[in-house]
Amino acid sequence: MSTLHASIAATLDQAARTALAVPQLSLDTPFSVEQAYDIQARSIDLRRERGEKPVGIKLGFTSRAKMTQMGVDSLIWGWLTDTMLQEEGGTVLLDQFIHPRAEPEVCFLTRRDIDRPLNLLEAESYIEAVAPAIEIIDSRYRAFTFTLEDVIADNCSSAGLVVGPWSRNINALANLGVILRVNGRVKQSGSTAAILGHPLRSLVQASRVLSAASQTLPAGSLIMAGAATAAEALNAGSHVSATVSGLGTASFLTR
Ligand code: OOG
Ligand code: MG
């Protein structure tokens, strides 16, 4: 089984590196959610071996809008690494991706190690700062089509992130307007309330999944709370921005 997991991880890693999509892998070789996380961990090992450094984690499918768009209705999580970080206000080269999409998110910077499951009341004290952010997702599967197991194995489509200005406005995140614009036009709009009812719940969920995986997330890590709206396909020559009311805007150009 472990050689099978290693080979699936290598296939997905190669698809990401070469920006060439692969067929949905679970169709040939069905695997469980637990096995999918093992495959994901092996794909992160391959990234580490190339010198990539984990900088945090992301949650996925924390909003109804995302679950509906992708036809998957369980919360998922994956790793973010330093090579995924894109400069805020900078230019993102799309040829490194297969079929990239952008989604507006809220990003947390942690102030303490997360080494146990947290409850909602204490979650806030684990946050150093919060920022509006854009996640660039890029499924390594053809046509962006996958099962829950496939997408977990594929590190939850993680491909890039742009983090906007950090602030300490962490006690008023419950119901902030979220807008994703492309070339100034509103493409998606929603509320932070769409993220599990409150983005802080994503932090609670993050602490639970980490502890279930026996992982400690060091202070100073990023946690992407999950998109509040559906994702938008990216094209070259665009200006993409995500605004979260009260937090500000994160943006980038595409080429
Ligand atoms: C999976 C990643 C989902 C989110 O914010 O919900 C996600 C995908 O849609 O490809 O990042
Ligand atoms: Mg996301």
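Below: a short report on this structure. All of these numbers come straight from a predicted model, not from anything done at the bench.

Parameters and conventions
Residues numbered from 1 in each chain as written. Chains lettered and ligands numbered in written order. Predicted model: local features only at pLDDT ≥ 70, side-chain atom pairs only at ≥ 80, totals over all residues. Heavy atoms only, no water. Salt bridge = Lys/Arg side-chain N within 4 Å of Asp/Glu carboxyl O. Helix = DSSP H or I, 4+ residues; strand = E, 2+ residues; numbered from the N terminus. Buried < 20%, exposed > 50% of the residue type's maximum accessible area, 1.4 Å probe, protein only. Contact = heavy atoms within 4.5 Å.

**Some words on the pattern of salt bridges**
And step 1. Applying the stated criterion to the full structure yields ten salt bridges.
And step 2. A salt bridge links Asp13 to Arg50; its shortest N-O distance comes to 2.8 Å. Taken together, the residues span a long stretch of sequence, with Asp13 in helix H1 (residues 2-18) and Arg50 in the loop between helix H2 (33-49) and strand E1 (54-60) at a distance of 37 residues.
And step 3. On the basis of relative accessible area, Asp13 is assigned to the buried category, the value being 6%.
And step 4. Here Arg50 falls in the partly exposed class, since its relative accessible area comes to 39%.
And step 5. Residue Lys58 is joined to Glu135 by a salt bridge in which the shortest nitrogen-to-oxygen separation is 3.1 Å. With Lys58 in strand E1 and Glu135 in strand E5 (residues 127-137), this residue pair connects regions lying 77 residues apart in the sequence.
And step 6. The exposure class assigned to Lys58 is buried, which follows from its relative accessible area of 3%.

**Quick word on the side chain of Asn155**
And step 1. Among the secondary structure elements, Asn155 is positioned in the loop between helix H5 (148-153) and strand E6 (158-163).
And step 2. Excluding its chain neighbours within four sequence positions, the residues that come into contact with Asn155 are Gln40, Ile44, Gly78, Trp79 and Met84.

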